[in-house]
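# Overview (structure and organization)
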Amino acid sequence: MYSEKRLLYPMKRVDFDPNGERNPQNRGISGYERISWDKALDIVAGEIRRMKKDYGPGAIAMVTGAHHQWGNINYYLSAMLRFGNLIGFTRVEPSPISWEGWYWGAMHHYGNSLRLGTPSFYGTTEDCLQHAEVIVFWSSDPESTSGVYGGFEGTERRLWAKRLGIEFVHIDPYLTHSAQFLGGKWLPIKPGTDSALAIAIMHEWMISGSYDKEYVASKTTGFDEWRAYVLGEEDGTPKTPEWQEAETGVPAKDVRSLAQLWASKKTYLAAGGLGAGFGGACRTETGAQWARSVVMMMAMQGWGKPGINFGNLQIGAPQDLNFYFPGYAEGGISGDLNNTASAANNYCRMPHIITINPVKQSVPRQRLAEAIVEGHAEGYAWDGFSIEGQFAEYSYPRPGYSRIHMLYRYGSSSFGTTPGSNRLVEAYRHSSLEFIVNQSIWMENEAQFADIILPACTALERDDISEWANCGGYIQHAQSQLNHRVVTMQHKCIEPLGESKSDYQIFLDILTRLGYGGMFSEGGCSELAWCERMFNSTDLPKQTTWKKFLQKGYHVVPPPKDDDKPPVDMRWFAEGRPKDLPEPNPLPATYSIGFGDGLPTQSGKFEFVPSSLRRIEQIDPARPAVNRYINRASTVKQTFFPLQLVTNHPVYSFHTHADGKNSHISMIDEHRMEVGGYRYWVLRLSSRDAETRGLQRGNLVRVYNSQASVICAVDVSQLVKAGVARGNESCAELDMIETSIGLVDRGGCLNLLTPGGKMSSTADGIMPNTCWVEVEKWDSKLGKAA
Ligand SMILES: Nc1nc2c(c(=O)[nH]1)N[C@H]1C(S)=C(S)[C@@H](COP(=O)(O)OP(=O)(O)OC[C@H]3O[C@@H](n4cnc5c(=O)[nH]c(N)nc54)[C@H](O)[C@@H]3O)O[C@H]1N2
Ligand SMILES: Nc1nc2c(c(=O)[nH]1)N[C@H]1C(S)=C(S)[C@@H](COP(=O)(O)OP(=O)(O)OC[C@H]3O[C@@H](n4cnc5c(=O)[nH]c(N)nc54)[C@H](O)[C@@H]3O)O[C@H]1N2
Ligand SMILES: [Mo]
């Protein structure tokens, strides 16, 4: 909050004149001057009006990051969406970047489209501790990521698991914090090759017969066709442990013993940081193959039976889930029934004026740079309502709409978080972008590319209401990461610093100038008044009063009675009963047999060879119905860029939120290392790779490939597999400096180096963990390679 980088006053780029020369080519270069709120709001409101008059609908695009400070009123899916819908805007559509392989892959085998293809984790904390004998952590480091928005309750639960004698295995190119903390066996793996390992384990189960034959026979389809591929009857290559060793670097003997251990003991599979979703392995070119493989492994071992499920004890704790309080994805005050889960509950309980964005044009977030520079872009939908929703291609511009001429950027994270973000510099300077406004808290990253900057305050400087870790919608009941449900009144702690304002107030001020202020605030509701309306719409009044809640500041929902706990995920399926788990939205039409009767796949069973992919494999051969191991990256010989760059989520900061801006987090050496008075982003190399390059801990290095150069401080560590360079994604600082070899970034935005393309022609997923780089010593004094 007190960072020196706080934006305290509205700013205008010095050589930007809305009535004269705009100088878009100088964005990121020319610097800023302070202006009054009146002037700033006049310019922004004037540009909104001008865009609509001069170009028609679609000329204004709004861009936001995937997460904001907590608070159901000020969240981007709440106040920002309400604002956007009232002015009309081209959506910059995110893709399911956290879920990539699950969404584009795993979902086809078993449904769960509303959860974007991830398992639903209910009841798994107790089931795991009661029954499991082994937990396999696969691309899963909950001690770093705490699931998502969670805390450290999971840590305590994992210590219980250790005390109970549950064995641990870790499959990751890095000896993760979780592996260091829990111990067990580490299988260092070459990034992007995980599906080869998974298929080889299934090979061992097939030839030894150590899988749940009854389950496979009665609850699944396509197994024979899958087996023919795995055993090599189809293509002549049996997918043996030796076959995978050449790909993964994991010794065949280790694969055999893991296959045996897994089949002989009740095993929980912790796939990704949530245990039941995410994982850096799902954000590679082969990410869909990996997520597909792991759900098939679970189906072979009797998914849903006691002790056999997905999870890492991070999520799925017993809670009273019948108590209603909305998660952020329920849209808060947006009134948007199309792009949030508001219609599910929130809107019916808290009637408010609905808002609709009449502009039907959208741009895929990953293609924003191309859309601006080239004037067109294509993408595939994010649609949770069916498995097939994702096959719908859309393009920009949509017939009858204007090209984008104004960007309303909300937050400033893109250079650090968008794969292939090197493309954004040209886009931001493009002459077709006549106006860029950025509503941000800190002067960092792409805030530096705006024409007008509107200073927003932090969550500590405004009123809000929310429940800890309750996301809702696509990640319904994520609060079960915690031991208790905690709803908080987020009282304003101090007045906004400088002239900064809450997002809600900024939107209201702009809309008041345009004549829609009353519609936005519903006749003058303050943020506190909205908090009270939300309070009254939930189950809180059954357990406390508004006055007591305001006084106390939080409410802990009492634990559930024993017969009120949700059952274990997939137990119903394993036992052949109708589905008995909470659904965010009922989708009866997605079931072939009957609602909740079997899975929402075409056959109603778990499909080893998905019928949904069979229907499109002709169009996109990289997504075959039979989950073949196809790894284009590993077949290209990486002569110039021999290291694989893995960009994991940062341990100490939540994406860009606590990085840079003189935060105490940036003082942690593991996060940023000080060299010559500057705190550099950290890149971790194995001793072997450091030695061959003459590098020692604390040396500055240039990490580069054909896209860009980023200067980092190197850490030499036996925790990293040789051949892999590992650094955090989500650097908040873009700091381009002119050197003898051109512009290089010393802020640490490793996403300047990652590929901006998609997983395959119809799978619009990001693949930052398929990235090749070289590293060399850097001499900061010379501004060139040492
Ligand atoms: N290489 C690589 N790249 C990745 C990933 C990876 O694994 N590797 N992971 C991907 C994933 S899963 C994700 S979710 C994305 C995350 O990528 P982003 O969503 O882009 O990252 P955040 O830092 O969460 O962005 C939020 C922005 O909003 C601002 N902000 C926060 N609160 C407020 C507020 O109240 N008001 C305003 N006005 N602004 C606010 C923050 O300062 C920040 O600029 O990164 C993706 N990128
Ligand atoms: N502290 C903190 N917590 C967070 C976040 C944060 O930014 N900071 N972000 C939140 C968000 S939005 C999300 S989506 C989740 C993300 O949670 P995850 O997706 O689980 O996190 P990652 O760090 O991308 O990946 C986890 C592990 O995968 C490994 N890995 C990378 N590539 C491969 C591969 O090809 N094969 C294998 N086997 N392993 C690989 C990495 O080394 C890392 O240890 O975390 C959430 N929690
Ligand atoms: Mo994410």
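Sequence positions are assigned chain by chain, starting from 1 and proceeding in written order. For naming, the first written chain is A and the first written ligand is 1, with later ones following in the order written. The predicted nature of this model means local features are confined to residues of pLDDT at least 70 and side-chain atom pairs, given and counted, to a pLDDT of 80 or more, with totals for whole chains, interfaces and linings taken over all residues. Heavy atoms throughout the structure, all of them, feed into the side-chain values; hydrogens and water do not.

Going by an unreviewed UniProt entry, the chain carries the name Molybdopterin-dependent oxidoreductase and comes from Paraburkholderia dipogonis. Turning to the chain, the UniProt annotation filed under Cofactor (unreviewed entry) states: "Mo-bis(molybdopterin guanine dinucleotide)". Taken directly from UniProt, the Sequence similarities (unreviewed entry) text for the chain runs: "Belongs to the prokaryotic molybdopterin-containing oxidoreductase family." UniProt positions are given in the numbering used here, feature names are shortened, and annotations may be inferred rather than shown by experiment.

### Looking at the sheet that holds strand β1 (residues 11-13)
Backbone hydrogen bonds hold the strands of a sheet together, and the pairing may be parallel or antiparallel. Paired strands are those between which DSSP finds at least two bridges. Numbered from the N terminus, helices here are DSSP runs of H or I no shorter than four residues, and strands are runs of E no shorter than two. Judged by pairing direction, the sheet is mixed, and its 8 strands sit side by side in the order β2-β1-β16-β15-β14-β3-β4-β11 without closing on themselves. Taken across any chain shown, the strands that pair with only one partner, and hence form the sheet edges, are β2 (32-34) and β11 (362-364). Across this sheet, the average inter-strand angle for adjacent strands is 20°, counted without regard to direction. The strands that helix α1 (residues 37-55) touches are β1, β3 (60-64), β14 (406-410), β15 (435-440) and β16 (452-455); relative to β16, the one it contacts most, it runs at about 120°. Residues count as neighbours in contact if any of their non-hydrogen atoms are within 4.5 Å of one another. Where helices are involved, their axes are fitted lines through C-alpha atoms of the stretch in contact, as for all axes, and angles between N-to-C directions lie from 0 to 180°. Strands β3, β4 (90-93) and β14 of the sheet are contacted by helix α2 (residues 76-87), whose axis makes an angle of about 175° with β3.

### Let's talk about helix α18 (residues 503-514)
With 12 residues, α18 should cover 16 Å at 1.5 Å per step; its first-to-last C-alpha distance of 17 Å lies within 8% of that length. For the exposure calls, accessible area comes from a 1.4 Å probe over protein chains only, and a residue counts as buried if that area is under 20% of its type's maximum, exposed if over 50%, partly exposed in between. The buried fraction of α18 is high, at 9 of 12 residues. For α18, every residue scored as buried is listed here: D503, Y504, I506, F507, L508, D509, I510, L511 and L514. Looking at the residues trailing α18, positive phi occurs at G515, about 90°. A helix is expected to span 1.5 Å multiplied by its residue count minus one.

### Overview of the sheet that holds strand β10 (residues 309-310)
Strand order in the open sheet formed by 5 strands is β7-β6-β5-β9-β10, with parallel pairing between adjacent strands. Both edges of this open sheet fall to β7 (185-187) and β10, since each of them pairs with a single strand only. Taken together, the 5 bridges between strand β5 (residues 134-138) and strand β6 (residues 167-171) define a ladder with parallel strand orientation. Bridge pairing links W138 to I171 in β6.

### As for the environment of N322
Following the sequence through the fold, N322 ends up in the loop between β10 and α14 (346-349). With 217 residues separating them along the chain, N322 and D539 place their C-alpha atoms 9.2 Å apart. Separated by 3.3 Å, the side chains of N322 and D564 make a polar contact. Counted as a polar contact is a pair of N or O atoms within 3.5 Å, where, for protein atoms, one must be capable of donating a hydrogen and the other of accepting one, and residues adjacent in sequence contribute only when both atoms are in side chains.

### Some details on the site of ligand 1
Nearness is defined per residue: one heavy atom within 4 Å of the molecule or strand is enough. Inspection of the region around ligand 1 gives 29 residues, with A66, S413, T417, D503 and T656 positioned closest. A66 is positioned with one of its backbone polar atoms (N or O) 2.4 Å from an oxygen atom of ligand 1. E729 places a polar side-chain atom, nitrogen or oxygen, 3.3 Å from a nitrogen atom of ligand 1. Note on areas: these come from Shrake-Rupley sampling with a 1.4 Å probe, and a residue is covered only by the protein chains present in the view. Contact with the protein chains hides 99% of the accessible area of ligand 1, taken as 920 Å² for the molecule alone. Here the shell around ligand 1 is composed, by residue class, of 7 nonpolar, 16 polar and 6 charged. The two domains that each donate at least three residues to the shell around ligand 1 are domain 1 (11-94 + 325-555) and domain 3 (635-785). Side-chain classes follow a simple rule in which Ala, Val, Leu, Ile, Met, Phe, Trp, Tyr, Cys and Pro form the nonpolar group, Asp, Glu, Lys and Arg form the charged group, and the remainder, Gly included, forms the polar group. For the domain bounds, the source is a domain assignment made automatically or taken from a database.

### Observations regarding the domain arrangement of the chain
Accessible area lost upon the coming together of the parts serves often as the stated size of an interface. For the chain, the assigned domains are domain 1 (11-94 + 325-555), domain 2 (123-315) and domain 3 (635-785). Placing a centre on the C-alpha atoms of domain 1 and another on those of domain 3 gives a separation of 30 Å. Of the roughly 2,000 Å² buried between domain 1 and domain 3, counting both surfaces, carbon and sulfur atoms make up 56%. Salt-bridge detection follows one rule: a side-chain nitrogen of Lys or Arg within 4 Å of a carboxyl oxygen of Asp or Glu. Taken together, the links from domain 1 to domain 3 amount to 2 salt bridges. The salt bridge partner of K661 is E444, with a shortest N-O separation of 3.1 Å. When two parts are brought into contact, each loses some accessible area as probed by a 1.4 Å sphere; the total of that loss over both is the buried area.

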